[in-house]
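Structural description and commentary
What follows is each chain in one-letter form.
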Amino acid sequence: MFVLLMLFLFKYIDDLIGKGFDWYIILELLMYASATNVAMALPLAVLLSSIMTFGSLGENYELVAIKSAGVSLRRAMYPLIIVIGLLSVAAFLFSDYMLPVANLKMGSLLWDVRNQKASFLINEGVFNNSIPGYSIRVDKKDPDGQTLRGVVIYDRVNNSGNVNVVVAESGKMFRTADDSYLILKLKNGIRYEEAPSEKEYNPRLRFTRFGFKETEQKFDLSGFKMQRTDENLFKSNYAMLNMKQLSYYKDSVTRKADTNALNTLAILKTKYKVLNPGAMNLSSLKVAGFVNVDKLPKIERARAAVMASENIRSIREMLSTKVQVDADFNDKLRNFIVEYNRKLTLAVSCLVLFFIGAPLGAIIRKGGLGLPVVMSVIFFLVYHIISTIGEKYAKEGDLSPILGMWIAIIVLSPVGAFLTYKASVDSVLFDVDLYKRWFKNLLKKT
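Residues numbered from 1 in each chain as written. Predicted model: local features only at pLDDT ≥ 70, side-chain atom pairs only at ≥ 80, totals over all residues. Heavy atoms only, no water.

On to the overall build of the protein. When helices and strands are counted, the protein shows eleven helices and five strands. Relative to its 446 residues, the protein shows a buried fraction of 33%. Here the protein displays about 27700 Å² of accessible surface, and carbon together with sulfur accounts for 60% of that area. (Helix = DSSP H or I, 4+ residues; strand = E, 2+ residues; numbered from the N terminus. Buried < 20%, exposed > 50% of the residue type's maximum accessible area, 1.4 Å probe, protein only. Areas by Shrake-Rupley, 256 points an atom, 1.4 Å probe, with all protein chains shown as cover.)

Here is the structure:
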């Protein structure tokens, strides 16, 4: 979980630095991120812990003592199978009830964090345009961080350009107690203003210059405060729904797609009629209101051709729109099905990776954090890569959503069964000396 949280921080570090967040905002975001990372951390933890446990038992010859007492490896695994079964049930309940809430909380908070303005900072020799309508520049800041030298403020509140300018020799900067306003106390300065003339017939501007010994400028900082978005705006996202809600939205989208298809068909029926020329003679065509176009006058034939062309163009545009609407409906349906099966695969993946890790640890007979970590990372990468590719193809429509979400488990289940069998018959599958002897014998024969 620590590694996954570090990856999360590296991904969003640019959105977190320099915005003046309180510590509890960062902590809250990490808490929600840790909850959303359970789907990746829990299967890896089960795989690593099972390899370490049985590897330590094998390294200390405790598995030998268990088998010498007449207890097979599969029977020795029964208590852990029960524990992993309960853990899988807990993982399913977590993914169905708690994970959607965590996704909702993190999604809304991350949206607010990424849209938060950077903290208001005045740097030496640089114009700061963070406050709407103002541009502030100072020549120098004293070490106390509050005293300013050579202050220039451009006032553009009225969208009139750089016509109002304040220049001061020095000033002092501080915020109000609630951080709602920034106060600049300026000393020994001049304010320049340009305004239209009061006389309509004289288009010349009026220039005014005010000198002051001391004055105050007040700036609104409400735009730099953390603004929380209503979470209800994110609730319809498929990642923030439980299985019951996913089924409801899936049925709703299916009904909308069916209604759209029926409406399109009803409109198309008024545009054309399907005829079977072999089953209809000329008299029946006349009764149905059809006439031979070749016998019509030239003007009527041209008019009929134009009308037919317009109908064809209208039908093509309608079908083109229908194809795009159907594609959107299918994308939504695939996302709902993918998310529905994700909640089941989390629980089953814990069982599958346990049946890979436990016999693998019994075979390699190494405990600790050395070889078990390497083996667990290798198998987890295989599981993660296969599941990621399957999910990608499922969302793009190149693969069935159900098969795409379960393909990693389908591929690794035979591996778990094979390793369990090898461990139960005391196989030396990963004995390096065995392969060395086999290779030496092969060289002697050649």
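On we go.
The end-to-end C-alpha distance of helix 1 (residues 2-16), which contains 15 residues, comes to just 18 Å, noticeably less than the 21 Å that a straight helix rising 1.5 Å per residue would cover. Phe-10 marks where helix 1 bends most, by close to 45°. If you check which residues of helix 1 are buried, you get Leu-4, Leu-5, Phe-8, Leu-9, Tyr-12, Asp-15 and Leu-16. Along its buried surface, helix 1 packs onto helix 2 (23-36), helix 3 (38-59) and helix 5 (73-114). (Expected span 1.5 Å × (residues − 1). Bend = angle between axes of the 7 residues up to and from the residue. Contact = heavy atoms within 4.5 Å.)

What follows is about helix 6 (residues 243-269). Counted at 1.5 Å a residue, the expected span for helix 6 with its 27 residues is 39 Å, and the 39 Å between its end C-alpha atoms agrees. Within the span of helix 6, buried status applies to Met-243, Leu-246, Ser-252, Val-253, Ala-257, Thr-264 and Leu-268. The distance from a side-chain oxygen at the start of helix 6 to the backbone nitrogen of Lys-244 is 3.3 Å, and the residue carrying that oxygen is Asn-242. (Polar contact = N/O pair within 3.5 Å; in protein donor to acceptor, adjacent residues only side chain to side chain.)

As for its position among the elements, Val-338 is in helix 8 (residues 298-364). Relative accessible area serves as the criterion here: at 0%, Val-338 is assigned to the buried category.

Here we take up the packing of aromatic side chains. Applying the stated criterion across every chain yields a total of six aromatic pairs. Judged by centre distance (5.0 Å) and plane angle (55°), the rings of Phe-8 and Tyr-12 are tilted. Here Phe-8 pairs with Tyr-12, and both are found in helix 1, just four residues apart, close to one helical turn. When the ring of Tyr-249 is compared with that of Phe-336, the centres are 6.1 Å apart and the planes differ by 35°; the resulting orientation is tilted. Within this pair, whereas Tyr-249 is found in helix 6, its partner Phe-336 is found in helix 8, the two being separated by 87 residues in sequence. Taken together, Tyr-248, Tyr-249 and Phe-336 form an aromatic cluster joined through their ring pairs. The ring centre of Phe-127 lies 5.9 Å from the NZ or CZ of Arg-137, which sits over that ring. (Phe/Tyr/Trp six-rings, centres within 6.5 Å; stacked < 30°, edge-to-face > 60°. Lys NZ or Arg CZ within 6 Å of the ring centre and 35° of its normal.)

This brings us to the confidence of the model for the protein. Residues of the protein with pLDDT of at least 70 account for 84%, and the chain-wide mean is 79. Confidence drops under a pLDDT of 50 for residues 274-288, and excluding neighbours within four residues, the segment shows five contacts in the predicted structure. (pLDDT = per-residue confidence, 0-100.)

What follows is about a nonpolar patch on the surface. Residues Val-377, Leu-381, Ile-385, Ile-389 and Tyr-393 make up a contiguous nonpolar surface patch of roughly 420 Å² in combined accessible area. Take Tyr-393: its relative accessible area is 38%, and that puts it in the partly exposed class. (Patch = residues over 30% accessible without salt bridge, like charges linked within 9 Å, V, L, I, M, F, W, Y side chains within 5 Å. Salt bridge = Lys/Arg side-chain N within 4 Å of Asp/Glu carboxyl O.)

Counting residues in each nonpolar core, the largest one holds 39 residues, and the members touching the most others are Leu-47, Leu-73, Ile-356, Leu-360 and Phe-379. Listing elements by their share of this core, those giving two or more residues are helix 3, helix 5, helix 8, helix 9 (371-396) and helix 10 (401-424). For this core, the leading source of residues is helix 8, giving twelve residues. Apart from residues no more than four positions distant in its own chain, Phe-379 is found in contact with Leu-47, Ile-356, Leu-360, Val-415 and Leu-419. Counting residues in each nonpolar core, the second largest holds 17 residues, with Ile-131, Val-151, Ala-168 and Met-173 among its members. (Core = buried A, V, L, I, M, F, W, Y, C linked by side-chain atoms within 4.5 Å.)

What follows covers the environment of Asn-123. With respect to the helices and strands, Asn-123 occurs in the loop between helix 5 and strand 1 (134-141). Sequence spacing of Asn-123 and Arg-137 is 14 residues, and the spatial spacing of their C-alpha atoms is 7.7 Å.

With that out of the way, let us pick up the packing of helix 2 against helix 5. Contact pair helix 2 / helix 5: the axes reach a minimum separation of 8 Å and the direction vectors enclose 140°. Both helix 2 and helix 5 take part in a crossing whose hand is left-handed. In this structure, helix 2 contributes Ile-25, Glu-28, Leu-29, Tyr-32, Ala-33, Ala-35 and Thr-36 to the contact, and helix 5 contributes Phe-94, Leu-99, Ala-102, Asn-103, Lys-105, Met-106, Leu-109, Leu-110 and Val-113. Each residue belonging to the contact of helix 2 with helix 5 can be placed in one class, and the counts come to twelve nonpolar, two polar and two charged. (Axes fitted to C-alpha atoms, helices over the stretch in contact; angles between N-to-C directions. Left-handed = near helix turned anticlockwise from the far one by under 90°. Nonpolar A, V, L, I, M, F, W, Y, C, P; charged D, E, K, R; others polar.)

Another aspect to go through is the pattern of salt bridges. As enumerated under the stated definition, the model contains 13 salt bridges in all. The salt bridge partner of Asp-155 is Arg-191, with a shortest N-O separation of 3.7 Å. Highlighted residues: Asp-155 in strand 2 (residues 147-155) and Arg-191 in strand 4 (residues 181-196), separated in sequence by 36 residues. Given a relative accessible area of 15%, Asp-155 falls into the buried group. Under the relative-accessibility criterion, Arg-191 is labelled buried at 19%. Between Arg-342 and Glu-391 there is a salt bridge, with its nearest N and O atoms 2.7 Å apart. Note that Arg-342 is positioned in helix 8 and Glu-391 in helix 9, a separation of 49 residues in sequence. Several salt bridges share partner residues, and in doing so they unite Glu-339, Arg-342, Glu-391 and Lys-395 into one network.

This part is about unusual backbone geometry. Even without glycine at this site, Tyr-61 takes up a positive phi of about 60°. Note on placement: Tyr-61 falls in the loop between helix 3 and helix 4 (62-68). The class for Tyr-61 is exposed, based on a relative accessible area of 62%. In the Ramachandran plot, Asn-188 falls in the positive-phi region, its phi being about 55° despite a non-glycine side chain. A residue is classified by how much of its surface remains accessible, and Asn-188, at 35% relative accessible area, is partly exposed.

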